[in-house]
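Letter by letter, the chains look like this.
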Amino acid sequence: MTLIEPTDRATADVAPLEFAVTKNLAAKNPAQRAEILVDPGFGTSFTDHMVDICWSARGGWHRPRVQPYGPIALDPAAAVLHYGQEIFEGIKAYRHADGSIHTFRPEHNARRLQRSARRLALPELPVEYFLQSLRELVAVDGDWVPSGADQSLYLRPFMFAKEAFLGVRPAQKVAYYLIASPAGAYFTGGVKPVSIWLSEDYARAGRGGTGAAKTGGNYAASLLPQSEAYEKGCDQVVFLDADGNVEELGGMNVVFVTKDGTLVTPQSESILEGITRDSILQLAQDRGHRVERRAVPLPEWRDGVASGDIVEVFACGTAAVVTPIGVLKAAGFEDVQPTGTLALELRGHLTDIQYGRAEDTHGWLTRLDA
Ligand SMILES: *Cc1c(COP(=O)(O)O)cnc(C)c1O
């Protein structure tokens, strides 16, 4: 079972790139790094290096580099700044007890980046280059992969239109970058159920739009409704499609557990297909649970909770892994959600695989430091 099919282009064998490596002479020393890794938070500190690969319509992918982490010089007319032609990925590197460094299903992120690229009229980075970029960065910044409980190195690949041109067409000059940020446990003091605000005035994506692509514009569209959620006292926002079906949170997929043990998750062309969700559903199937991917109308959620047919609701994504949903709130109601144990059991199993504490029966791990 996999949602994530390879695209037919750009997966063919390519010759490995030769990265030019420039070491950061101002790299943090071990004591400074250790101080950051005690409590890295999320997305605020960055490692000493970054990877970049250029692309042009004429020359294809070229000039692969590892260089000191730092500001990017952009022409003020760079297309990304005007028309938002940008995509990204999110993936983690985990340190195992023996010191080795692993990542999780990276070829799926590579292929998703290709699908996002197609939708945003950007060039498709070959899967092999994507994997090489992760290895190159870990080769210089591997000491930044923390070893504390639930800690990881969050890897952020991204690609944008850098051509200086204000006409509206796909850019002919593009940059791919990879940066990395040490990440602590997402929830301090254990996993707590989150409260969710139902956005009835705003959508994050529409039919035929970019909802299935991991692109900054979707996040830009989610920020105002997310602020509304905060104002209403909620942690996150959930979006519906134009027909009133449940879609997803701003950056996490949603899964419902019914009383017969079936896991139901929304499926539509405007949802971002999460690798965490796919993996969690696979682990549930391995335990004999049924899985349904289909449209979920909002009333099915509300009525299911009221009748007891739905026994658990959770959200999932790479950053927070799995988060139970405790409350669904909207202008006209506040539904307390039932809580069960399956979400956290599956979370535990998934993180045990990622950190090398449970057998990787599906071959999901890729070692990055060897
Ligand atoms: C990244 C993302 C997810 C989660 O995907 P994972 O592969 O599980 O990290 C879900 N929804 C949106 C909108 C996303 O951008």
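Residues numbered from 1 in each chain as written. Predicted model: local features only at pLDDT ≥ 70, side-chain atom pairs only at ≥ 80, totals over all residues. Heavy atoms only, no water.

Identification of the chain as branched-chain-amino-acid transaminase from Microbacterium invictum is taken from an unreviewed UniProt entry. UniProt annotates the chain under Sequence similarities (unreviewed entry) with the comment "Belongs to the class-IV pyridoxal-phosphate-dependent aminotransferase family." What UniProt states about the chain under its Cofactor (unreviewed entry) heading is, verbatim, "pyridoxal 5'-phosphate". (UniProt positions renumbered as here; feature names shortened; annotations may be inferred.)

A.B. asks: Hey, could you go over the confidence of the model for the chain for me, with residue numbers and the actual values?
C.D. replies: Caution applies to low-pLDDT regions: their predicted coordinates should not be interpreted in detail. Taken residue by residue, the chain gives an average pLDDT of 95. The fraction at 70 or more is 96%. A low-confidence stretch, residues 1–10 stays under pLDDT 50, and its non-local contacts, those more than four residues away or across chains, total 34 contacts. (pLDDT = per-residue confidence, 0-100. Contact = heavy atoms within 4.5 Å.)

A.B. asks: Please give an account of the packing of helix α6 (residues 275–286) against helix α8 (residues 342–354) that cites residues and values.
C.D. replies: As a packed pair, α6 and α8 sit with axes 10 Å apart at the nearest point and diverge in direction by 110 degrees. On the basis of the axis angle, α6 is roughly perpendicular to α8. Judged by residue contacts, Thr 276, Ser 279, Ile 280, Leu 283 and Ala 284 of α6 engage Leu 346, Arg 347, His 349, Leu 350 and Ile 353 from α8. Here the residues of the contact of α6 with α8 sort into six nonpolar, three polar and one charged. (Axes fitted to C-alpha atoms, helices over the stretch in contact; angles between N-to-C directions. Helix = DSSP H or I, 4+ residues; strand = E, 2+ residues; numbered from the N terminus. Parallel < 35°, antiparallel > 145°, perpendicular 65-115°, else oblique. Nonpolar A, V, L, I, M, F, W, Y, C, P; charged D, E, K, R; others polar.)

A.B. asks: How would you explain the packing of aromatic side chains if you had to name every residue and give the values?
C.D. replies: Taken as a whole and judged by the stated rule, the model has 10 aromatic pairs. Aromatic pair Phe 104 and Trp 364: ring centres 5.4 Å apart, planes at 75 degrees, arrangement edge-to-face. Of this pair, Phe 104 sits in strand β6 (residues 101–104) while Trp 364 is found in the loop between α8 and β18 (365–367), placing the two residues 260 residues apart along the sequence. With relative accessibility at 7%, the residue Phe 104 sits in the buried group. Centroid distance Phe 160 to Tyr 177: 5.9 Å. Interplanar angle 10 degrees. Geometry classified as stacked. With a gap of 17 residues between them, Phe 160 in strand β7 (residues 152–161) and Tyr 177 in strand β8 (residues 173–183) connect regions that are remote in the sequence. Exposure remark for Phe 160: the relative accessible area of 5% places this residue in the buried category. Residue Tyr 177 is classed as buried on the basis of its relative accessible area of 8%. Pairwise contacts between aromatic rings join Phe 158, Phe 160 and Tyr 177 into one cluster. (Phe/Tyr/Trp six-rings, centres within 6.5 Å; stacked < 30°, edge-to-face > 60°. Buried < 20%, exposed > 50% of the residue type's maximum accessible area, 1.4 Å probe, protein only.)

A.B. asks: Talk me through the layout of surface pockets; I want residue IDs and the actual numbers.
C.D. replies: Put simply, the largest pocket is a space of about 780 Å³. Along the walls of the largest pocket sit 36 residues, with Tyr 186, Tyr 219, Gly 251, Met 252 and Ala 319 positioned nearest its centre. Counting residues per element, the ones that place at least two in the lining of the largest pocket are β7, β8, α5 (216–231), α6 and β15 (310–317). In terms of residue count, α5 provides more of the lining of the largest pocket than any other element does, six residues in total. Within the lining of the largest pocket, the residues separate by chemical class into 16 nonpolar, 14 polar and six charged. Split by domain, the residues of the lining of the largest pocket number at least three in each of domain 1 (8–184) and domain 2 (194–350). For the second largest pocket, the calculated volume is near 290 Å³. Around the second largest pocket, the lining comprises 20 residues; the ones closest to its centre are Arg 115, Ala 212, Ala 213, Glu 269 and Ile 271. Class assignment of the residues belonging to the lining of the second largest pocket gives a composition of four nonpolar, nine polar and seven charged. Of the residues that make up the lining of the second largest pocket, three or more belong to each of domain 1 (8–184) and domain 2 (194–350). (1 Å grid on protein atoms, 1.4 Å probe; cavity = no way out; pocket = protein on both sides within 12 Å on 5 of 7 lines; lining within 4 Å. Points joined across faces, edges and corners; volume = space filled by probe spheres on them. Domains from an automatic or database assignment.)

A.B. asks: Describe the UniProt feature "modified residue: N6-(pyridoxal phosphate)lysine" (unreviewed entry) in the chain, with residues and values.
C.D. replies: Here the UniProt feature "modified residue: N6-(pyridoxal phosphate)lysine" (unreviewed entry) sits at Lys 214. With respect to the helices, strands and loops of the structure, Lys 214 is situated in the loop between β9 (194–199) and α5. The exposure class of Lys 214 is buried, given its relative accessible area of 11%. Each residue touching Lys 214, except ones within four places of it in the same chain, is listed here: Ile 87, Phe 88, Glu 89, Gly 90, Arg 112, Ser 116, Tyr 219 and Leu 272.

A.B. asks: For the domain arrangement of the chain, give the residues involved together with the corresponding values.
C.D. replies: One can read the domain layout of the chain as domain 1 (8–184) and domain 2 (194–350). On the domain 2 side, the residues contacting the 19 residues of domain 1 number 18 residues. The contact between domain 1 and domain 2 buries some 1500 Å² in all, and 55% of this surface belongs to carbon and sulfur atoms. On the domain 1 side of the interface with domain 2, the three residues burying the most area are Phe 88, Arg 112 and Arg 119, jointly 38% of the side's total. Here Asp 278 ties to Arg 105 by a salt bridge, and the two come within 3.1 Å at their closest N and O atoms. Along the contact surface separating domain 1 from domain 2 lie 11 residue pairs in polar contact (both at pLDDT 80 or more). (Buried area = accessible area lost by both parts, 1.4 Å probe. Salt bridge = Lys/Arg side-chain N within 4 Å of Asp/Glu carboxyl O. Polar contact = N/O pair within 3.5 Å; in protein donor to acceptor, adjacent residues only side chain to side chain.)

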